[in-house]
Amino acid sequence: MEPATVAPGPLSPGIAVASLVLLVITLLLLYLKPKSSIKSAKVELVRRASTAAEEDLSKPSVRILYGTQTGTAERFSKQLGNELRRKYGDGTLVEVVDIENYKAERRLPKERLVLFLMATYGDGEPTDNAADFYSWVCNEVEDVENGVKERYLEGVHYGVFGLGNKQYEHFNAVGKKMHTSMEALGATPVCGRGDGDDDDSIDDDFEKWCTELFAALDAQPELLGAAAVGGGSDTAAAYRVELLPAGALAGTSGDRLQAGVVGLGPALEFGCLGRLAMLG
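Residues numbered from 1 in each chain as written. Predicted model: local features only at pLDDT ≥ 70, side-chain atom pairs only at ≥ 80, totals over all residues. Heavy atoms only, no water.

A. Looking closely at helix α6 (residues 202-219). Its 18 residues place the ends of α6 26 Å apart at the C-alpha level, agreeing with the 26 Å of an ideal helix rising 1.5 Å per residue. When we look at burial in α6, the residues that qualify are Ile-202, Phe-206, Trp-209, Cys-210, Leu-213, Phe-214, Ala-216 and Leu-217. Along the axis of α6, the buried residues cluster in a sector spanning 160°; they form a single face. For α6, the exposed residues set more than 90 degrees away from the buried face come down to Lys-208 and Ala-219. Among the structural elements, α2 (72-88), β3 (113-121), β5 (157-164), β7 (194-197) and α7 (221-224) are those in contact with the buried residues of α6. (Helix = DSSP H or I, 4+ residues; strand = E, 2+ residues; numbered from the N terminus. Expected span 1.5 Å × (residues − 1). Buried < 20%, exposed > 50% of the residue type's maximum accessible area, 1.4 Å probe, protein only. Arc of directions from axis to C-beta. Contact = heavy atoms within 4.5 Å.)

B. Main features of the layout of surface pockets. Estimates place the volume of the largest pocket at around 370 Å³. In terms of lining, the largest pocket is formed by 19 residues, of which the most central are Thr-120, Leu-163, Gly-164, Asn-165 and Asp-198. Of all elements in the fold, only α2, β3 and β5 reach the threshold of two or more residues within the lining of the largest pocket. With three residues, the top contributor of residues to the lining of the largest pocket is β3. When its residues are assigned to classes, the lining of the largest pocket shows seven nonpolar, eleven polar and one charged. (1 Å grid on protein atoms, 1.4 Å probe; cavity = no way out; pocket = protein on both sides within 12 Å on 5 of 7 lines; lining within 4 Å. Points joined across faces, edges and corners; volume = space filled by probe spheres on them. Nonpolar A, V, L, I, M, F, W, Y, C, P; charged D, E, K, R; others polar.)

Here it is as structure tokens:
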């Protein structure tokens, strides 16, 4: 004879609530875990890319560091980076870095060439993203001058372009301080300091400094090597298309080129082309 089957009674309210809470927690953990994994993976990729850029010693390298408040120094830095990549091709590592993310104490003594694009903000102060670096380098100079440390940047070459406005009393104070600080720590200037005046034509000031920088680099090929044939790799070809009304090309050459400006400065980041031309 089979035993009698007893029907289960309803769950007590306490057990039901506990089960519901446990279910909600489990679902939350399952939902949040993939996001955390993706974030960790992104951080790891950034770390590996940074390490690879830092440790690739098989080819010449240049680091471009910018301190910016309104974005002009960042824009100039990226233009300069593109121009250097086009000029030297894949044989040279060019890295543009927000100075806030630069590990100066560890990396600066190992640099071959580092270029600073530093804006002065307010009453002769560094920009927000450059404040920590600026404070650090000033302290390093003080230690060297007091005999606490030796000049440890021998072998490092550098260039400085400062961004400011002559209407302010402390015009380009940060750029000027960076230039003297690097020299005090033992580094060698590759060219003269550039002073950009936003009250006049800062783009022209920057182009002038870049022309001097490129001439100095051409005279010191041991820093970045010789310029690539054609000014860069084939992938650096640049185009600008000018749309014209129908019949506008009649009696004209379709490859009008404004000569003498291509490659002279990062302000001409994509070259200066006519109706349709190619740089390669």
